[in-house]
Amino acid sequence: MLTDAVASNWIAPLGPHVDAFEAEMCARIDVPYAVALSSGTAALHLALEVLGVGAGDEVWLSTLTFAATANAVRYVGATPVFIDSERASWNLDPALLADALEDAAYHDRLPRAVIAVDLYGQCADLEPIAAACRRHGVALIEDAAEALGATYRGRPAGSFGDLSILSFNGNKIITTSGGGMLLGRSKAHIDRARFLATQAREPARHYEHTTVGYNYRLSNLLAAVGRAQLADLDRRVEARRATNAYYRRGLGDLPGWSFMPEAAFGRATAWLTCATIDAAAFGADRDAVIDRLAAADIEARPVWKPMHLQPVFRAHRCLGGAVAEALFRDGICLPSGSNLTDADRARVVAAVHKTLP
Ligand SMILES: Cc1ncc(COP(=O)(O)O)c(C=O)c1O
């Protein structure tokens with residue numbers, strides 16, 4: 001497909017592979033409309049724009065996420081309010097959200113939108129989250145950047161909410177080097193996003209603009225890459241789950257070592273295999289393990305630092321926060337690439353065992 005894109009000389013933005021990539025993703029996720037974009041961050045930005053979120057509005061979102069989710073809220077001038085995780089999935093706590101929405105409705109301070117993040121390849125508990133949002137007429141955006149290929153009660157990640165977003169950034173389960181997609185059930189939303197992403201050019205012979213637009217479309221060349229990778233998605237999910245199972249077998253019995261749970265409501269991709277390390281029980285803390293792995297030339301990383309602890313967002317409210325803080329303090333992400341061999345996995349397991357006192 002890539003050679004076709006090059007051979008056809010269709011290197012410019014837009015073209016047949018963009019249309020086909022959107023159609024294939026819609027079929028895969030079972031959502032009627034999609035627009036391919038230059039990044040997942042652009043998709044989040046446009047999701048908020050087409051919902052009309054702006055200055056004076058609050059957007060509530062998971063505190064345990066990558067900064068892109070919160071940054072997009074600031075791009076439109078809205079105020080982020082962070083929400084703690086639940087232990088069962090590490091994702092946005094649905095009970096905390098439901099109570100807080102109830103309270104906000106009582107005080108006439110409802111947010112304009114909620115962004116639920118599907119962390120590390122696992123869906124949030126999306127049914128109660130969507131029900132709470134519906135009850136109060138609050139829009140829901142599903143940030144499925146890390147969860148393409150996962151399911152929630154049999155339905156694909158990225159098919160929930162009024163709008164959802166995907167990322168094809170370099171580290172994601174499928175990648176176009178950089179890219180993203182905005183998906184939704186409203187044609188008007190996706191048409192508006194496509195318009196804004198194409199410099200808000202009005203339909204006229206000359207260049208006519210009545211709105212400030214963006215240069216956010218995905219190129220035809222990168223869409224061709226995305227299509228080839230999408231065709232390989234199932235293999236990648238199985239490879240990542242196999243890595244997860246290997247690590248669980250090799251490390252699951254270590255004292256103080258707990259893997260990110262796979263919640264009963266869905267099937268995770270294990271995009272990244274993550275665990276928490278109880279330093280007292282294990283005899284070494286998370287950073288000591290990361291250092292030990294680094295000495296063996298193995299890259300491991302801490303779990304996301306929650307947004308409410310980030311200096312840039314510290315002024316904003318957070319509902320709860322202790323669960324996300326503990327996950328950050330103790331959490332480690334292990335090497336999880338789709339092409340790891342058993343020898344690679346064995347090396348990681350052996351290196352972790354060597355950190356035992
Ligand atoms: C949860 C989450 N949301 C949004 C993004 C942004 O995607 P992108 O890097 O394609 O802009 C990422 C990852 O990069 C992410 O992990």
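As shown above, the structure is provided for reference.
The present account deals with the structure reproduced in this document. Everything numeric here is computed off the predicted structure, so don't read it as measured data.

**A closer look at the pattern of salt bridges**
In step 1: On inspection of all chains with the given rule, the structure shows 17 salt bridges.
In step 2: Arg 153 serves as the salt-bridge partner of Glu 127, at 3.4 Å between the closest nitrogen and oxygen. Taken together, the positions of Glu 127 in helix 6 (residues 126-135) and Arg 153 in the loop between strand 6 (151-152) and strand 7 (155-156) put the pair 26 residues apart, joining distant regions of the chain.
In step 3: A salt bridge links Glu 299 to Arg 301, with the nearest nitrogen and oxygen atoms 3.0 Å apart.
In step 4: Residue Glu 299 is classed as exposed on the basis of its relative accessible area of 55%.
In step 5: Here the salt bridges share partners, and the residues they tie into one network are Glu 22, Arg 194 and Arg 217.

**Quick notes on the layout of surface pockets**
In step 1: The space that makes up the largest pocket amounts to roughly 360 Å³.
In step 2: The wall of the largest pocket is formed by 15 residues, among which Asn 171, Leu 272, Glu 299, Arg 301 and Cys 333 lie closest to the centre.
In step 3: Among the elements of the structure, strand 13 (301-302) and strand 15 (331-334) are those that each provide at least two residues to the lining of the largest pocket.
In step 4: By residue class, the composition of the lining of the largest pocket is nine nonpolar, three polar and three charged.

**What to know about the nonpolar core**
If you look at soluble globular proteins, the nonpolar side chains tend to sit buried side by side.
In step 1: Among the nonpolar cores identified, the biggest contains 61 residues, and Met 25 and Trp 60 are the most heavily contacted of them.
In step 2: Within the second largest apolar cluster, 37 residues are counted, among which are Ala 43, Leu 44, Leu 46 and Leu 48.

**So, the environment of Ala 263**
In step 1: Relative to the helices and strands, Ala 263 is located in the loop between strand 10 (257-259) and strand 11 (266-267).
In step 2: For Ala 263, a relative accessible area of 8% translates into the label buried.
In step 3: Along the primary structure Ala 263 and Glu 238 are separated by 25 residues, whereas in three dimensions their C-alpha atoms are 17 Å apart.
In step 4: The contact partners of Ala 263, leaving out residues within four places of it in the chain, are Ala 88, Ser 89 and Gln 122.

**Details of the sheet that holds strand 13**
In step 1: Pairing is antiparallel in the open sheet, where four strands are placed in the order 10-12-15-13. Looking at the sheet topology across the chains shown, the edges are occupied by strand 10 and strand 13.
In step 2: Sheet topology note: the strand 12 (residues 273-277)/strand 15 ladder contains four bridges and is antiparallel. Pairing of Thr 273 across the sheet is with Leu 334, part of strand 15.
In step 3: Packing against the sheet, helix 9 (residues 233-251) makes contact with strand 10, strand 12 and strand 15, and its axis sits at approximately 160 degrees to strand 10.

**Topic: the sheet that holds strand 11**
In step 1: Spatially, three strands are ordered 7-6-11 in an open sheet, and the strand pairing comes out antiparallel. Each edge of the open sheet carries a strand with a single partner, namely strand 7 and strand 11.
In step 2: Alignment of strand 6 against strand 11, held across two bridges, turns out to be antiparallel. Counted as the bridge partner of Tyr 152 is Gly 266 from strand 11.

**A word on the pairing of strand 9 (residues 180-184)**
In step 1: For strand 9, the tally of buried residues reaches five of five residues, placing the bulk of the element in the interior.
In step 2: Residues Gly 180, Leu 182 and Gly 184 of strand 9 are buried on one face, and the alternating residues Met 181 and Leu 183, pointing to the opposite face, are buried as well.
In step 3: Pairing analysis gives five bridges linking strand 1 (residues 33-37) to strand 9, with the strands arranged antiparallel. Each bridged residue has a counterpart across the sheet, and for Leu 37 the counterpart in strand 9 is Gly 180.

**Let's talk about the side chain of Glu 58**
In step 1: One can find Glu 58 in strand 2 (residues 58-62).
In step 2: Among the polar contacts made by the side chain of Glu 58, one reaches the side chain of Trp 60 at a distance of 3.0 Å.

**Looking at the site of the ligand**
In step 1: Inspection of the region around the ligand gives 16 residues, with Thr 41, Asp 143, Glu 146, Ser 167 and Lys 172 positioned closest.
In step 2: Note that an oxygen atom of the ligand is positioned 2.7 Å from one of the side-chain N or O atoms of Ser 167.
In step 3: A molecule is said to occupy a pocket when more than half its atoms come within 2 Å of that pocket's grid points, and by this definition the ligand occupies the second largest pocket.
In step 4: For the shell around the ligand, the residue count by class is five nonpolar, eight polar and three charged.

**A look at the packing of helix 11 (residues 286-295) against helix 13 (residues 342-354)**
In step 1: The N-to-C vectors of helix 11 and helix 13 enclose an angle of 125 degrees; their axes lie 9 Å apart at closest approach. It follows that helix 11 is oblique to helix 13 by the angle criterion. Judged by the twist between their axes, the crossing of helix 11 over helix 13 is right-handed. In contact with Val 289, Arg 292 and Leu 293 of helix 11, helix 13 contributes Val 348, Ala 351, Val 352 and Lys 354.
In step 2: Split by residue class, the contact of helix 11 with helix 13 holds five nonpolar, no polar and two charged.

**Focus on the packing of helix 3 (residues 40-50) against helix 4 (residues 67-75)**
In step 1: It is at 9 Å that the axes of helix 3 and helix 4 come closest, and there the two elements cross at 40 degrees. Taken together, the axes of helix 3 and helix 4 lie oblique to each other. Where helix 3 crosses over helix 4, the two elements pack in a sense that is right-handed. Across from Thr 41, Leu 44, His 45 and Leu 48 in helix 3, the residues of helix 4 making contact are Ala 68, Thr 69, Ala 72, Val 73 and Tyr 75.
In step 2: The residue inventory of the contact of helix 3 with helix 4, partitioned by class, reads six nonpolar, three polar and no charged.

Criteria and thresholds
Residues numbered from 1 in each chain as written. Predicted model: local features only at pLDDT ≥ 70, side-chain atom pairs only at ≥ 80, totals over all residues. Heavy atoms only, no water. Salt bridge = Lys/Arg side-chain N within 4 Å of Asp/Glu carboxyl O. Helix = DSSP H or I, 4+ residues; strand = E, 2+ residues; numbered from the N terminus. Buried < 20%, exposed > 50% of the residue type's maximum accessible area, 1.4 Å probe, protein only. 1 Å grid on protein atoms, 1.4 Å probe; cavity = no way out; pocket = protein on both sides within 12 Å on 5 of 7 lines; lining within 4 Å. Points joined across faces, edges and corners; volume = space filled by probe spheres on them. Nonpolar A, V, L, I, M, F, W, Y, C, P; charged D, E, K, R; others polar. Core = buried A, V, L, I, M, F, W, Y, C linked by side-chain atoms within 4.5 Å. Contact = heavy atoms within 4.5 Å. Pairing = 2+ DSSP bridges. Axes fitted to C-alpha atoms, helices over the stretch in contact; angles between N-to-C directions. Polar contact = N/O pair within 3.5 Å; in protein donor to acceptor, adjacent residues only side chain to side chain. Near = heavy atom within 4 Å. Sits in = over half its atoms within 2 Å of the grid points. Parallel < 35°, antiparallel > 145°, perpendicular 65-115°, else oblique. Left-handed = near helix turned anticlockwise from the far one by under 90°.

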